[in-house]
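# Architecture at a glance
Here's the letter readout for the chains.
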Amino acid sequence: MTEQVQGETSQRLPEQARVLLVDDEENILRSLQRILRREPWELTTASSGEQALAAMAEHKYDLVISDARMPGMDGPTLLAEIRRKYPWCIRILLTGYADITSTIKAINDGQIYRYISKPWDDDELRLTIRQALAFQYSERRRLALEKLTRKQNKELQALNASLEDKVRERTEELKETADMLDLAYQELRQSYVTTTEVFSALINKRLPANRQPNPKVITLVKAYAEYTHMGEEESRNLAMAAALYNLGKLSWPDELFTAPSDLLNKDQRLEYLKYPVAGEQLLMALEPLKDTAKIIRHHQEKWNGYGVPNRLEADDIPFGARLLRLAVDFVELQFGLVLERKVSRDNAIKLLKKYRERLYDPELTDRFIEMLIELAPDVEHEDPTILVLDTLRLKPGMVLARNLYAASGMLLLNEGKEMTAALIEKLAAFEKGEPDGHRYTLYVHKPEDDEDTENPA
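Residues numbered from 1 in each chain as written. Predicted model: local features only at pLDDT ≥ 70, side-chain atom pairs only at ≥ 80, totals over all residues. Heavy atoms only, no water.

## Quick notes on the side chain of Asp-361
Condition: Only runs of H or I of at least four residues qualify as helices and only runs of E of at least two qualify as strands under DSSP, and these elements are numbered from the N terminus. Polar contact is the term for a pair of N or O atoms within 3.5 Å; when the atoms are in protein, one must be able to donate a hydrogen and the other to accept it, and sequence-neighboring residues count only if both atoms are side-chain atoms. Contact between two residues is taken to exist if any of their heavy atoms lie within 4.5 Å; hydrogens are not considered.
Looking at the element boundaries, Asp-361 is found in the loop between α14 (345-354) and α15 (362-375). Within the structure, Asp-361 has its side chain in polar contact with the backbone nitrogen of Glu-363 (distance 3.2 Å). Here Asp-361 is in contact with Trp-303, Arg-322 and Arg-356, once residues within four sequence places are set aside.

## Here's the deal with the sheet that holds strand β5 (residues 114-117)
Spelled out, the test is: Whether two strands pair comes down to DSSP finding at least two bridges between them. To define axes, lines are fitted to C-alpha atoms, for helices over the stretch in contact only, and angles between the resulting N-to-C directions are given on a 0 to 180 degree scale.
Taken together, five strands build an open sheet; the order of strands is β2-β1-β3-β4-β5 and the sheet is parallel. Edge positions in the sheet fall to β2 (42-46) and β5, since each of these pairs with one other strand and no more. The mean angle between the axes of side-by-side strands here comes to 20°, regardless of whether they run parallel or antiparallel. For strand β1 (residues 18-22) and strand β3 (residues 63-67), the ladder comprises four bridges, and the chain directions are parallel. Note that in β3 the partner of Leu-21 across the bridge is Ile-65.

## Some points on helix α2 (residues 26-36)
Let me state the cut-off plainly: Burial classes: relative accessible area under 20% of the type maximum marks a residue as buried, over 50% as exposed, and values in between as partly exposed (1.4 Å probe, protein chains only). The arc under discussion is defined with respect to the helix axis, by the directions toward the C-beta atoms.
When we look at burial in α2, the residues that qualify are Ile-28, Leu-29, Ser-31, Leu-32, Ile-35 and Leu-36. Axial view of α2: buried residues confined to an arc of 160°, hence all on one face.

## Here's the deal with the pattern of salt bridges
This is how the line gets drawn: What counts as a salt bridge is simple: a side-chain nitrogen of Lys or Arg found within 4 Å of a carboxyl oxygen of Asp or Glu.
One pass over the full model with this rule turns up 25 salt bridges. The closest approach of N and O atoms between Arg-126 and Asp-123, which form a salt bridge, is 2.3 Å. Note that Arg-126 and Asp-123 are positioned in helix α6 (residues 122-204) at a spacing of three residues, about one turn of the helix. For the pair Arg-126 and Asp-123, one class covers both residues: buried. The residue Arg-322 makes a salt bridge to Asp-315 at a minimum N-O spacing of 3.6 Å. Exposure remark for Asp-315: the relative accessible area of 58% places this residue in the exposed category. Each of Asp-23, Asp-67 and Lys-118 takes part in a single network of salt bridges with overlapping partners.

Structure representation (structure tokens):
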């Protein structure tokens, strides 16, 4: 029987449980104490219901065993009162078989855990108490877990509510960061374009003011890119190549730099043919300019395969290089950098047509000439959206429609630059220092909120 009791009460019991024994007969209390003396519980006795309630008021008891019949306050009444005041306390009734009415009353009013009949079995008594305490421990754990769960659910609900806000805020932060990175990347790419045009102006200083091809070449390739809706990256690489295509000529002596290419002697001709590769090599260390460098390397290839440096033929020549060759030859023919004489614009177009299947991509040549005739981007012409102003008529907020160069050919401001009061003041100061009273002419987009601005051109 002892093994059965131990097996059936293997559930975890509360530590240092306090048990209150209530009976008006001293021998019953001594008997209960004797039976329970080896159990790990703190035992307290009371000889009446009133004494039991007084003990309950002083200490917290986990379990009460009360006799049913006692003078004054009987057991069912005591247990009902304990239930009302101390609902966590387990209640057990000791009763005889003849006390069925008292037992029912204890069950209904006191909601007792169990009743034990007199005379009791000692092992059964110990087992009942152990089961009652184990149940109480489990119930307390359940209530504690429920309380914890409710608390955690409230915290989780609050977290979910704040999490949505945090996710929204974090998403906005990430979007803002991404936008800032995109803007920084755009500014970085634009800074490369501006830098190449600054270098282009330095290259132009090796030539007379009336024989500087780079600005015209840049204008043409940008116009073609816009005319054909070319992709942004391809257009940018092409514009940088147009600015730097003759970078490889910087080491040349002045006589070679200014001599028409058709009049070069053998040694000069060999040096001349190296400049596309020299230009590429100068840009090799700049990763963002690798596609630009490739365009520069191959812009002297010929459609028929007899060009330099790799004798590429037809579509094997990169598209950007084919287009740059057209723009360079068209401009340099008019500047006298190809033939001994300067060629007029119309005759330059005729020469492009003449060599369209030997030097140039025929379809690209036709489209390029179509753009030249339709838009004439290389010819000064009126555009109602563009104002031609001197520095005195500039206003903050105006945006440059074309690059601005100094009398020396140095790039001062690049296309797309927004004018500010400080920038206009600085520009006027530069203008005063120009030789021979040179005045700047600026092409700016007409402000949307300044319809009365007149165009003095």
